[in-house]
Amino acid sequence: MTSSPARRSHDREILALAVPAFGALVAEPLFLMADSAIVGHLGTAQLAGLGIASAVLTTVIGAFVFLAYATTAAVARRIGAGDRRAAVQQGVDGIWLALLLSAGLVVLSLALAPQAADLLGASPTAAPYAVTYLRISALGIPAMLVVLAATGVLRGLQDTRTPLLVAVAGFAANAALNLGLVYGAGLGVAGSAWGTVLAQNAMAAGYLVVVVRGARREGAGLRPDPAGIRSCARAGGPLLVRTLSLRAVLLIATAVAATLGDAEIAAHQITMTIWVFVAFALDAIAIAGQAIIGRHLGAGDVQGTRAATRRMVEWGIGAGVLLGLLIVLARPLYVPLFTADPAVQTQLSTALLLAALTQPVGGLVFVLDGVLMGAGDGGYLAAAMLGTLVVFAPAALAVPGLGGGLTALWWAMNLFMLTRAAFLVFRVRSGHWLVTGAVRA
């Protein structure tokens, strides 16, 4: 058992990293909320166009979140090994990779914006607004990917406060710019897109200032290093597979819910909204795990790695229990904010209970996911998520034919979480992920 002083030390470190990380995570969806609130007053077609464009951008950028995850682990390892120069150099390479990837994404987004809007079923009135928002927002993709990579650099350096400050400043700038450009300048949906692009570029510039200063202080190079960029890409590839598999699970769940009826898809979306928001709290602990585990393994401290993992698992499961209870007990407060339709509320009653049921499992899953990311165990994470998708997809797709309704779909979602937990627990117990050193061999 870990002694009380050691537990308190772990607790302080977890809180110091997780609390600011949670704030930054919550700030990100506020961008979309601010855009929606401002554009919503322009009209239904404009809001629908924004919704479609946002879904495309969220999917595209979400697929490249590995830029943050892989960079966090690699930088943290070098910090643990006592080589700050190499740590910062790794971060610079990650930012160059982000810029290279974004060049292709900008071109594709500009060219395929109309097709993307059609694919998501945009109406003739909403499609022009969706295309306008997408094409302008494409110019912000380099900034968005730089923000991901630079966030990973700072997390690896054990700094989650700076990303919080940048996220809060970015949200404030985004809201002010949108109000001024949408209404003051009369640019409508285009003004909202330009406001967000400007805010994102300002955030990226702020991060680059911090990283460049760090690079100069540590004597790290700022020019692109092909070998370093290739190394970042190799580390990120498996995490891209993991993320795409996770996205596939969520898309399948939404597609199945859409076949069940209007009340069911509405209830599913509300439940998913709550589920995702709660996940931010659990993901904050996982982010702390990425930074802490990478540092311990870089220092060759296997015992410290195991102790930190045990403590974070306790935090994750405990947080899951509390959040599950909150989902259930707070229903009278938040359900009326989403819907007054009795049919939707009836569907929600069971779906929310099922979502709450596996929050402790979710806490375990998020923490162990973060632990293995911090260890650079991307290959296993990719295989595990593909295996989970193979288990989940038949169960979810069978729901309409079996007549199970939304309740059966959320039992399938719980199967998804339990399967993920089984894969992750098996790996952590095996000990094969405990590879020490400044670079994972």
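Right, let's walk through the structure included here.

Cut-off values and rules
- Residues numbered from 1 in each chain as written.
- Predicted model: local features only at pLDDT ≥ 70, side-chain atom pairs only at ≥ 80, totals over all residues.
- Heavy atoms only, no water.
- Helix = DSSP H or I, 4+ residues; strand = E, 2+ residues; numbered from the N terminus.
- Rg over C-alpha atoms; globule rule 2.2 N^0.38 Å.
- Buried < 20%, exposed > 50% of the residue type's maximum accessible area, 1.4 Å probe, protein only.
- Contact = heavy atoms within 4.5 Å.
- Areas by Shrake-Rupley, 256 points an atom, 1.4 Å probe, with all protein chains shown as cover.
- Lys, Arg positive; Asp, Glu negative; His and termini not counted.
- Charge placed at Lys NZ, Arg CZ, Asp CG, Glu CD.
- Expected span 1.5 Å × (residues − 1).
- Bend = angle between axes of the 7 residues up to and from the residue.
- Polar contact = N/O pair within 3.5 Å; in protein donor to acceptor, adjacent residues only side chain to side chain.
- Phe/Tyr/Trp six-rings, centres within 6.5 Å; stacked < 30°, edge-to-face > 60°.
- Patch = residues over 30% accessible without salt bridge, like charges linked within 9 Å, V, L, I, M, F, W, Y side chains within 5 Å.
- Salt bridge = Lys/Arg side-chain N within 4 Å of Asp/Glu carboxyl O.
- Core = buried A, V, L, I, M, F, W, Y, C linked by side-chain atoms within 4.5 Å.
- Axes fitted to C-alpha atoms, helices over the stretch in contact; angles between N-to-C directions.
- Left-handed = near helix turned anticlockwise from the far one by under 90°.
- Nonpolar A, V, L, I, M, F, W, Y, C, P; charged D, E, K, R; others polar.

Some points on the overall build of the protein
When you go through the protein residue by residue, the secondary structure sums to 17 helices and zero strands. Relative to the compact-globule value of 22 Å for 441 residues, the protein shows a C-alpha radius of gyration of 22 Å, a close match. By its C-alpha atoms, the protein is 55 × 50 × 35 Å across when sized along the principal axes. Scored against the burial criterion, the 441 residues of the protein give a buried share of 54%. For the protein, the proportion of contacts with a sequence separation of at least 24, taken over those separated by at least 6, is 83%. Counting only carbon and sulfur atoms, one obtains 69% of the accessible surface of the protein, whose full area is about 18,300 Å². Side-chain charges in the protein split into 27 positive and 18 negative, and the spacing between the mean points of these groups amounts to 9 Å.

Section: helix 13 (residues 342-357)
In this model helix 13 runs 23 Å from its N-terminal to its C-terminal C-alpha over 16 residues, within 8% of the 22 Å that 1.5 Å per residue would give. At Leu-348, helix 13 shows its largest kink, close to 30 degrees. Burial in helix 13 covers these residues: Val-344, Leu-348, Ala-351, Leu-352, Leu-354, Ala-355 and Ala-356. Taken together, the buried residues of helix 13 touch helix 10 (262-298), helix 11 (302-329), helix 12 (331-338), helix 14 (359-374) and helix 17 (405-430). For helix 13, the N-terminal capping position is held by Asp-341, with its side-chain oxygen 2.9 Å away from the main-chain nitrogen of Ala-343.

Focus on the packing of aromatic side chains
All told, the structure shown has four aromatic pairs when counted by the stated rule. With centroids separated by 6.3 Å and ring planes inclined at 75 degrees, the aromatic side chains of Trp-275 and Trp-410 adopt a geometry described as edge-to-face. Residue Trp-275 is located in helix 10, and its partner Trp-410 is located in helix 17; the two are separated by 135 residues in the primary sequence. We classify Trp-275 as buried; its relative accessible area is 13%. Take Trp-410: its relative accessible area is 0%, and that puts it in the buried class. Taken together, a centroid distance of 6.2 Å and an interplanar angle of 85 degrees make the contact between Phe-277 and Phe-280 edge-to-face.

Description of a nonpolar patch on the surface
On the surface, Ile-317, Val-321, Leu-322, Leu-325 and Leu-329 cluster together into a nonpolar patch covering about 490 Å² of accessible area. Note that Leu-322 resides in helix 11. According to the relative accessible area criterion, Leu-322 is exposed, its value standing at 60%.

A look at the nonpolar core
Of all hydrophobic cores here, the largest spans 120 residues; its most connected members are Leu-67, Leu-145, Trp-410 and Phe-416. In this view, Phe-416 contacts Leu-246, Val-249, Trp-275, Met-385, Thr-388 and Phe-392; residues no more than four positions away in its chain are not counted. Val-39, Ala-113, Ala-117 and Val-197 belong to the second-largest nonpolar core, a separate cluster that totals 19 residues.

Quick notes on helix 2 (residues 44-63)
Look at helix 2: 29 Å from first C-alpha to last across 20 residues, which is about the 28 Å you get at 1.5 Å a residue. Listed in full, the buried residues belonging to helix 2 are Gln-46, Gly-49, Leu-50, Ile-52, Ala-53, Ser-54, Val-56, Leu-57, Ile-61, Gly-62 and Ala-63.

Observations regarding the packing of helix 6 (residues 141-156) against helix 8 (residues 189-218)
Closest axis-to-axis distance for the helix 6/helix 8 pair is 9 Å, and the angle between their directions is 35 degrees. Along this stretch, helix 6 crosses helix 8, giving a crossing that reads as left-handed. Of the residues in helix 8, those touching helix 6 at Ala-143, Met-144, Val-146, Val-147, Ala-150, Thr-151, Val-153 and Leu-154 are Gln-200, Asn-201, Met-203, Ala-204, Tyr-207, Leu-208, Val-210 and Val-211. A per-class count over the contact of helix 6 with helix 8 returns 13 nonpolar, three polar and no charged.

Side note on the pattern of salt bridges
Here the structure, examined in full by the defined rule, presents nine salt bridges. Of the charged contacts in the structure, one is a salt bridge between Asp-369 and Arg-242, with a shortest N-O distance of 2.6 Å. Linking Asp-369 in helix 14 with Arg-242 in helix 9 (residues 226-260), this pair joins segments that are 127 residues apart in sequence. Each of the two residues, Asp-369 as well as Arg-242, counts as buried. Measuring nitrogen to oxygen at the nearest pair gives 2.4 Å for the salt bridge that ties Arg-311 to Glu-314. With Arg-311 and Glu-314 both in helix 11 and three residues apart, the pair spans about one turn of that helix. Looking at Arg-311, the relative accessible area reads 15%, which means it is buried. With a relative accessible area of 38%, Glu-314 lands in the partly exposed category. Overlapping salt bridges, with partners in common, bring together Arg-7, Asp-11, Arg-311 and Glu-314 in one network.

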